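Residues per chain are reported as follows:
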Protein chains: 2
Amino acid sequence: MLEKNIDSIVSANAKDLAKAANNPMLDRLILNEERIIAIADATRKIIDLPDILGNIDKMWQRPNGLKIGQQRVPLGLVGIIYEARPNVTVDAAVLCIKSGNACLLRGGSDAIYSNLELVRLMRLALKSVGLPAEAIEIISDPSRESATQMMKLNQYLDVLIPRGGAGLIKSVVQNATVPVIETGSGNCHIYIDEYADLEMGLDILFNAKTQRPSVCNACESLVVHSKVANEFLTQLAEQNTGIELRGDERTQAIIPCTPATDEDFYEEYNDLILSIKIVDGLDEAIDHINEHSTKHSESIVTKDYKNSQKFLQRINSAVVYINASTRFTDGYEFGFGAEIGISTQKLHARGPMGIEALTTTKYIVYGNGQIRK
Amino acid sequence: MLEKNIDSIVSANAKDLAKAANNPMLDRLILNEERIIAIADATRKIIDLPDILGNIDKMWQRPNGLKIGQQRVPLGLVGIIYEARPNVTVDAAVLCIKSGNACLLRGGSDAIYSNLELVRLMRLALKSVGLPAEAIEIISDPSRESATQMMKLNQYLDVLIPRGGAGLIKSVVQNATVPVIETGSGNCHIYIDEYADLEMGLDILFNAKTQRPSVCNACESLVVHSKVANEFLTQLAEQNTGIELRGDERTQAIIPCTPATDEDFYEEYNDLILSIKIVDGLDEAIDHINEHSTKHSESIVTKDYKNSQKFLQRINSAVVYINASTRFTDGYEFGFGAEIGISTQKLHARGPMGIEALTTTKYIVYGNGQIRK
């Protein structure tokens, strides 16, 4: 349906682009033939994922003969509040439909014409296969008031998922009375242990920092053991990677770098900037990370078995790695085949969320006349 | 520790009872030797439950060799806001400790002296086995302001669980910015299908309505198919059960009863009152129940296979029964060995919540130098 209507999408998109001539985020708004085909391809991949609805995750029998099963069912009505990128409109709606949910979308005003046209086409597609068009609804008034009202629709919405920058997410968490799944910002750490393979450490650090610096699973902060700091940091500085290094005092004594402030260690740069902290042991590294991280993804580079296990055990984040890049925190990389976001909260879903995070369970109980004594 | 200090608990409790001389809920406040021993026994049962912390629920390997496991870990700091009964102080704290969490308790002002003494003793017990006493904290000022402040402690609290009446729960849902698990009120339905075994139907209805009318899994509303309404309702009326029957117009034409208002069908009586609705088919029954229920527990009584499956499939509640009493919606009856409450929301936990509902997971990833391409 999308590929057959590229012209109508592009012309709706043109109206958004005309409004946004001076918007620095302009590129994110653009829909052209290539991007529309990519969106349609992504949709087909989601359609091809296995269906999990109706599955009985487990079932057991009680001494009184009751058989109790836990069955996977849709959440119901999923609300999604998001910002400029119009591809999120299709992605979010398709994930909701695949998981058996209806959705209420509220995109940003920048992309309103594109979003309305995409929703119109998706509703036609639903109808064409005998599904109710009403399963995808979009709020046509992208004002601040409409967002605030949406956050209080407890009677209708089963969950609200914000997708966008830190400001949007904070506003939803603060104002919503509907249950929220917080998708998160990532101040991700790489810790170079005293027993690290330093070459592997450099590879992992470069990958996590530079492969795509603007995303939430990119590394923002390097923690390095004092015993290997000299060698590791010197190699890092020699490589001229274009990364701005912001080091603590001990780092400044080893390599040329910008002095790091306290705030630097809390910062998610989403840019080619790296904060650096030198520690004297694993415990100090773990404490530093748990204090400053956003509880997204952290990785230790080490050859030591005991240290690797302690790091896994004690780091309080959604995903904890041994000897791998934090960039793998992603629904596709985890093998889920899709991703609705990465949860940094602990309730319901934590880490990359695939289709299953958009479902819930209900208990089904088979009896033959049991009453409670 | 509790059984060794019965005197100090009883004397703290006496101070609460002195304040509450005219309180109609007085019985719920009382702590005597028998009740304290019962609390200690319940605590030992929770201690004996299997430990689930650290379990890897699943683990898989990706084509790039990454091994990804999902490990069960504590939530962190669990907040619990509850009302008068001081036994909840012990029960909630012990469940939190068993699941590896710290807890912040906020009980009602009625039981403040009892609660403070129980917490003092539990903290001594923690210390005596080498655990930090700070893992159990109680707010000593049981004012409305302290509750409101607690609901906004996003920086510290991982989850907030209200335990108490509908007013308390509503206030928490409306005001909390911390993630909440809503434990619920129950307007539970029994549906007597046209193919029901009527004798089984009467047994189940009586059990669900009268075995303990004050609790959330008690039946509040009977829905009966018109083809069997005459026979079933006549038998019900003849039994003189002491239940006040509130029927719709068609019911009034069959048996003597109070006329039911529209509000009756939304009501959780928690008393020996039953609303009755006659329907002409299963679809009408399902629609009526989904419209009026609090999404807690509903049961169909039928001998028909197809109707039983349709009811399971289409009823939108935490627990759906075939041929059994709704009174089984309970962590102990489900075999969980404990219960922190019954969730009527869909996120994180739905239905009876045992120890597992007080935990979350984190992903642990074993690599050997993987970087993202």
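Residues numbered from 1 in each chain as written. Chains lettered and ligands numbered in written order. Predicted model: local features only at pLDDT ≥ 70, side-chain atom pairs only at ≥ 80, totals over all residues. Heavy atoms only, no water.

## Side note on the relation of the copies chain A and chain B
So the rule is basically this: Residues below a pLDDT of 70 in either copy are left out; the C-alpha atoms of the rest, at least 70 in both, set the least-squares superposition of the copies. The contact definition used throughout considers only heavy atoms, calling two residues in contact when any of these lie within 4.5 Å.
Structural alignment of chain A on chain B gives an RMSD of 0.0 Å, achieved by rotating through 180° and translating 0.0 Å along the axis. Expressed as a symmetry operation, the mapping of one chain copy onto the other fits a two-fold axis. Rotation axis and chain A: the residue whose C-alpha lies nearest the axis is A:His348, separated from it by 1.8 Å. Both copies share a contact surface, since 100% of the interface residues of chain A are interface residues in chain B too.

## Structural notes on the sheet that holds strand S1 (residues 56-61) of chain B
Heads up, the rule is: A strand pair is defined by DSSP finding two or more bridges across the two strands. Numbering goes from the N terminus for both helices and strands, where a helix is a DSSP run of H or I of at least four residues and a strand is a run of E of at least two. Working convention: axes come from line fits to C-alpha atoms, limited for helices to the stretch in contact. Angles between N-to-C directions cover 0 to 180 degrees.
With respect to topology, 10 strands assemble into an open sheet ordered S10(A)-S9(A)-S11(A)-S8(A)-S7(A)-S12(A)-S13(A)-S16(B)-S2(B)-S1(B), the strand pairing being mixed. Each edge of the sheet is formed by a strand with only one pairing partner; in this case those strands are strand S10 (258-259) of chain A together with S1 of chain B. Here strand S9 (residues 244-247) of chain A pairs with strand S11 (residues 273-279) of chain A via 4 bridges, running parallel. Paired with A:Leu245 across the bridge in S11(A) is A:Leu274. Its contacts with the sheet place helix H11 (residues 282-292) of chain A against strand S7 (188-192), strand S8 (219-225), S11 and strand S12 (297-301) of chain A, and it is angled at close to 175° to S7(A).

## Overview of the packing of aromatic side chains
The condition that has to hold: Working definition: rings of Phe, Tyr and Trp (its six-membered ring) pair if their centres are within 6.5 Å, and the pair is stacked with planes under 30 degrees apart, edge-to-face with planes over 60 apart, and tilted otherwise.
Scanning the entire structure with this criterion turns up 12 aromatic pairs over all chains. Consider the rings of A:Phe334 and A:Phe336, whose centres lie 5.9 Å apart with planes at 70°: the pair is edge-to-face. For the ring pair B:Trp60 and B:Tyr363, a centre distance of 6.3 Å and an interplane angle of 85° mean the geometry is edge-to-face. Residue B:Trp60 is found in strand S1, and its partner B:Tyr363 is found in strand S16 (residues 359-370); the two are separated by 303 residues along the sequence.

## Quick notes on the environment of B:Tyr321
Which entries qualify depends on this criterion: Think of it in three bands: with a 1.4 Å probe and only protein chains considered, a residue is buried below 20% of the maximum accessible area for its type, exposed above 50%, and partly exposed in between.
Relative to the helices and strands, B:Tyr321 is located in strand S13 (residues 319-324). Residue classification places B:Tyr321 among the buried positions, given a relative accessible area of 0%. Taking the C-alpha atoms as reference points, B:Tyr321 and B:Ser293, 28 residues apart in sequence, are found 14 Å from one another. When sequence neighbours within four positions are dropped, the list of residues in contact with B:Tyr321 reads A:Val365, B:Ser297, B:Glu298, B:Ser299, B:Ile300, B:Phe311, B:Thr326, B:Phe328, B:Thr329 and B:Phe334.

## Focus on unusual backbone geometry
Residues and elements named next belong to chain B. Unlike most non-glycine residues, Asn270 shows phi in positive territory, near 55°. Following the sequence through the fold, Asn270 ends up in the loop between strand S10 (258-259) and strand S11 (273-279). Assessed through its relative accessible area of 32%, Asn270 is described here as partly exposed. Positive phi values are uncommon outside glycine, yet Asn323 reaches one of about 55°. Within the secondary structure, Asn323 is located in strand S13. The class for Asn323 is buried, based on a relative accessible area of 9%.

## With respect to the interface of chain A and chain B
Here is the rule: Throughout, the accessible surface (probe 1.4 Å) given up by two parts as they are put together, summed over both, is called the buried area. Criterion for a salt bridge: a side-chain nitrogen of Lys or Arg within 4 Å of a carboxyl oxygen of Asp or Glu. Here a polar contact is taken to be a pair of N or O atoms separated by no more than 3.5 Å, where protein atoms must pair a possible hydrogen donor with a possible acceptor and residues adjacent in sequence count only if both atoms sit in side chains. When residues are sorted by character, Ala, Val, Leu, Ile, Met, Phe, Trp, Tyr, Cys and Pro go into the nonpolar class, Asp, Glu, Lys and Arg into the charged class, and all the rest, Gly among them, into the polar class.
Each side of the interface is counted separately: chain A has 67 residues, and chain B has 68 residues. The junction of chain A with chain B conceals about 5,300 Å² of combined surface from both sides, 53% of it contributed by carbon and sulfur atoms. Considering only the surface of chain A that becomes buried against chain B, A:Leu347, A:Tyr363 and A:Arg372 emerge as the three largest contributors, covering 16% of it. Put simply, chain A and chain B have 5 salt bridges between them. Here chain A is connected to chain B by 46 residue pairs in polar contact (both at pLDDT 80 or more). Listing elements by their share of the side of chain A that touches chain B, those giving two or more residues are strand S1 (56-61), strand S2 (67-74), helix H7 (166-175), helix H8 (198-210), helix H12 (305-314), strand S13 (319-324), strand S15 (351-353) and strand S16 (359-370) of chain A. The greatest single-element share of the side of chain A that touches chain B, amounting to 11 residues, is contributed by S16(A). Class assignment of the residues belonging to the side of chain A that touches chain B gives a composition of 31 nonpolar, 22 polar and 14 charged. With 5 bridges connecting them, S13(A) and S16(B) associate as parallel partners. From the neighbouring strand, A:Ala324 faces S16(B), where its bridge partner is B:Gln370.

## Some points on the environment of A:Leu347
Tracing the backbone through its elements, the reader meets A:Leu347 in the loop between strand S14 (341-343) and S15. Residue classification places A:Leu347 among the buried residues on the basis of a relative accessible area of 6%. For the pair A:Leu347 and A:Val180, spaced 167 residues apart in the sequence, the C-alpha separation amounts to 9.6 Å. In contact with A:Leu347, not counting residues within four places along its chain, are B:Leu75, B:Asp158, B:Val159, B:Pro179, B:Val180, B:Ile181 and B:His348.

## Details of the domain arrangement of chain A
All names here are of chain A. Stated formally: The domain limits used here are those given by an automatic or database domain assignment.
Looking at the assigned domains, one finds that chain A contains domain 1 (3-182 + 345-364) and domain 2 (188-328). A separation of 34 Å is found between the C-alpha centroids of domain 1 and domain 2. The contact between domain 1 and domain 2 buries some 320 Å² in all, and 47% of this surface belongs to carbon and sulfur atoms. There are 0 salt bridges connecting domain 1 and domain 2. By residue class, the composition of the side of domain 1 that touches domain 2 is 1 nonpolar, 1 polar and 2 charged.

## Description of the UniProt feature "domain: Aldehyde dehydrogenase" (unreviewed entry) in chain A
Definition in use: UniProt positions are given in the numbering used here, feature names are shortened, and annotations may be inferred rather than shown by experiment.
Under the present numbering, the feature "domain: Aldehyde dehydrogenase" (unreviewed entry) in UniProt falls on residues 8-248 and 273-335 of chain A. Secondary structure across residues 273-335 of chain A divides into 33% helix and 29% strand, with the first and last C-alpha atoms of the span separated by 30 Å.

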